[in-house]
Each structure stands twice: as C-alpha cells, then as structure tokens.
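What the coordinates show
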Amino acid sequence: MKVDFVGSFLAPIDFFEKRENYFHGEIDRETFERLADKAIAGLVDDELKAGLTEVSSGEFRRKSWDKDFFFGLDGITVERLESGHLYTEENVLTDLMRITGRIGYNPEHPFFSDFEFLKETTAGRAVCRQTIPSPAELYMRILMMTDGHPERIYPSPETLLDDIAEAYNRTIRRFYELGCRSLQLDDTVCGRLSDDSFMKELLQGGIDPIALQGDILALFNKSVDGISADMELSVYLSAGDTVVPQWHAVESPDNFMPRLLSSLNVSRFYMPFNTGAPESVEIVKYIPAGKKLVMGVVDAHSPFPDNHTLLMATISEALLYISPDKVFISPKTGFKVSSFDRRGLTYEDQWHKLGMLSELAASF
C-alpha cells in the first residue's frame, strides 16, 4: 500500500508571514514571487524526501483555495469588500466574486505559470500534480449568489453550465500541453449534498436537489470530456477544509454518492473517512473496478497521534470492496487551512504525519 496526499501543504512560517505581508500590500509582487519560488522549491525537495511519487506546489501562492482559480477565468473579477455587513451582523473583509461577462477560458491564467515553475523545479524527479477547485464549486457559488436563479446575472442556467464546462475543459487541456499528467479537482459540493441539513437548505431556497445532482454530474463529465487518457484525473470529495462527510451507502434518490462514484469520469477518488464510523466505508463499493481509492484517514490539522486500531479497521473495511493494489492512504484533508487560527500543525509536523502514514501502509 502506498501513501498519497490531498494537495495543499502548510508553508514554512517565514514564508507564510511574507505572504501575508504581500496580501496586505506591504511587499511588491516581484519580491513575493521570488520568495514563493524559493519556498516551493524547498517544498518539492521535502515531498521527495517523504517518498511521495507526485508533488504539488502546496498551493503556496493562493490566497483562497477556490476563488483564486475562479478570478483567473474570463468573465469573473474580484471585488474587495473592506467594511460593512453582508446579509449578517458580522463584519465582512473578503474578496467577492463578480460576474462581468460570459465565463470563459483565459490563456493567461496565473495557474499556468505556477505549474510551469513546479515542473521546471521538479526536473523529472516526480509527477507534478495540479489542483484546482471543481466546476461544481463555481456553479454552486453562483447559485448561492443568485438565490438559485443564475438567470438574474447570466443568459440562462443552461448557458452557465455549458460555459463553465468549456472553460474547464480548455483549461485542463492547456495544463496537459504544459506537461501536466495528474490533475485533481477539489470539491466540497458533493460532500455537502450528503448532508441532510444542506439538502433542506437547498429546498428552502427553491432549488431542486435531485435536478441539481444531475446538473453537477453532467458538468463534471463535460468538463473532462476528451482529455487524453495519459492524464490521470482525480477528484477530492469533502464538505469543507476541516469537514469529513458521513457517507451513506444506501441507494436512494436523495443520496448522490452511489450515482456519482459509479458514473464520474475520473480514475482516482480522494475521500476522507471518519475512522470512528467504519460503516461509512461501505460507500466505496460503488467505485468501479480498476479505479483508485485514496482513503483520508489521519487528521491533517492535529499534531496528536491518530488511533492506530481505528485506522487499521477503517482501511481493512475498504479492502473488502476495493482491490488492495488500488487503495492508497492519505491525510483526511490538505494540510493548509483557510484560517491561521485553526492551524494545528507546524511545517515539520506535516512530514511526521506522512511518516506515520508510511509506517501504517507497511502493515498491509
């Protein structure tokens, strides 16, 4: 059994501080890019030392795991809100997404140069993985912005779905041209669709969750349609950067996961599991034979050791349904979190976690 990772890593504290300086306008872009290049080069070396056969840039340059990618597409701009309230009593300081035209592929997307640097730095020592938010993330964000009525800001819901799919498809093809052979779509929408409270929220907002499921599955598959077979496409399914969904294996109209796992055109599924609820692992039986499962089993945000007995039981349960040579283990989430206040690990701790996973993998 092999060890894998979700994609994001904690940056060294000195670079993290400089990155915050840059986001607050205290250092210029040229200085920031030079510091980021150095930090990513160091990360790649550490990923290789940890025995990983794929490497990422750790998402070090990103301010947000999802919006930074969206802002790079045509038809979407960023608006910074520095004060005031937005629908709630809580003060808002954030980058807001604004739709300013038809969403489309941008040949100058900044993620392309980030990948080119990663590939140059890795110099053939490992496969370079690119992570981007899933197309469902963008669609759901626009649905929520418009209270389920995207036609308020877009020609039609169908046009929106088609435009997102085409923008993603062309973007993925460009990554392939740049030498990318491993691309991961990070998704929290499908995990939230497994939550009864979120389903109720959608219904209360006038959104038909069953129709939404069909739209999301079609959007995913259209976004990756025709991509060369030698690019491994994977999806990370969660419900947020610290949220582990409670997967249910029952087949019912309102349970999206059996349909998604059996029909999604990717070859690798990253799924976090609650090791205290091994029954949730039964969901993996819907993953078609020959496809890979990467089980998120250790806490990526706590420095404390995970319960070895529960880890072994959770992994053993998955082996009842998936061929052992197709099962990998990883942290439950990426190591990076959106809030520094919730940062439970140091830069060094994340490598200890991967080392613990390697020891666990050797048991199977």
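Above this text sits the structure in question.
Below, the structure is looked at part by part. Fair warning: this is a prediction, and the values are worked out from it, not measured in the lab.

Side note on the packing of aromatic side chains
- Summed over the entire model, instances satisfying the criterion amount to 15 aromatic pairs.
- An angle of 40 degrees between the planes, with centres 5.3 Å apart, marks the rings of F5 and F9 as tilted.
- Using a relative accessible area of 2% as the deciding quantity, one classes F5 as buried.
- We note R181 situated over the ring of Y176; from NZ or CZ to the ring centre the distance is 3.7 Å.

Focus on the environment of I132
- Among the structural elements, I132 can be located in strand β5 (residues 127–133).
- A relative accessible area of 0% means that I132 is categorised as buried.
- Residue contacts for I132: discarding those within four places in its chain leaves R62, F69, F111, Y168, F175, L183, Q184, L185 and D186.

Regarding the side chain of E59
- With respect to the element layout, E59 can be found in the loop between β2 (54–55) and α3 (67–71).
- Reaching out from E59, the side chain makes a polar contact with the side chain of T131 at a distance of 2.9 Å.
- In this structure, E59 is in contact with G7, S8, R19, W65, T131, D186 and K336, ignoring residues within four places of it in sequence.

A word on the sheet that holds strand β6 (residues 182–187)
- Spatially, the eight strands line up as an open sheet ordered β1-β10-β9-β8-β7-β6-β5-β2, and their pairing is parallel. Bordering the open sheet on either side are β1 (2–3) and β2, each of which pairs with just one other strand.
- Bridge count for strand β9 (residues 292–298) against strand β10 (residues 327–331) is five bridges, and the pairing is parallel. Note on β10: the bridge partner recorded for G296 is S330.

Overview of unusual backbone geometry
- Positive phi outside glycine occurs at E59, with the angle close to 60 degrees.
- Phi is positive for D147, which is not a glycine, with a value near 55 degrees.
- Structurally, D147 is set in the loop between α5 (135–145) and α6 (157–177).

Focus: the pattern of salt bridges
- Considering all chains together, one arrives at 20 salt bridges under this definition.
- Ionic pairing is found between R268 and D4, a salt bridge with its closest N-O pair at 3.4 Å. Taken together, the positions of R268 in strand β8 (residues 268–272) and D4 in the loop between β1 and α1 (13–23) put the pair 264 residues apart, joining distant regions of the chain.
- Classification of R268 as buried rests on a relative accessible area of 3%.
- With a shortest N-O distance of 3.7 Å, D147 and R152 are connected by a salt bridge.
- The exposure class of R152 is exposed, given its relative accessible area of 55%.
- Here the residues in one salt-bridge network are D4, E54, R129, E232, R268 and K292, joined through shared partners.

Examining the environment of C180
- Looking at where C180 falls in the secondary structure, it is placed in the loop between α6 and β6.
- In sequence terms C180 and Q130 are 50 residues apart; their C-alpha atoms lie 7.1 Å from each other.
- Among all residues touching C180, those that are not within four sequence positions of it are F115, C128, Q130, F175 and M231.

Criteria and cut-off values
Residues numbered from 1 in each chain as written. Predicted model: local features only at pLDDT ≥ 70, side-chain atom pairs only at ≥ 80, totals over all residues. Heavy atoms only, no water. Phe/Tyr/Trp six-rings, centres within 6.5 Å; stacked < 30°, edge-to-face > 60°. Buried < 20%, exposed > 50% of the residue type's maximum accessible area, 1.4 Å probe, protein only. Lys NZ or Arg CZ within 6 Å of the ring centre and 35° of its normal. Helix = DSSP H or I, 4+ residues; strand = E, 2+ residues; numbered from the N terminus. Contact = heavy atoms within 4.5 Å. Polar contact = N/O pair within 3.5 Å; in protein donor to acceptor, adjacent residues only side chain to side chain. Pairing = 2+ DSSP bridges. Salt bridge = Lys/Arg side-chain N within 4 Å of Asp/Glu carboxyl O.

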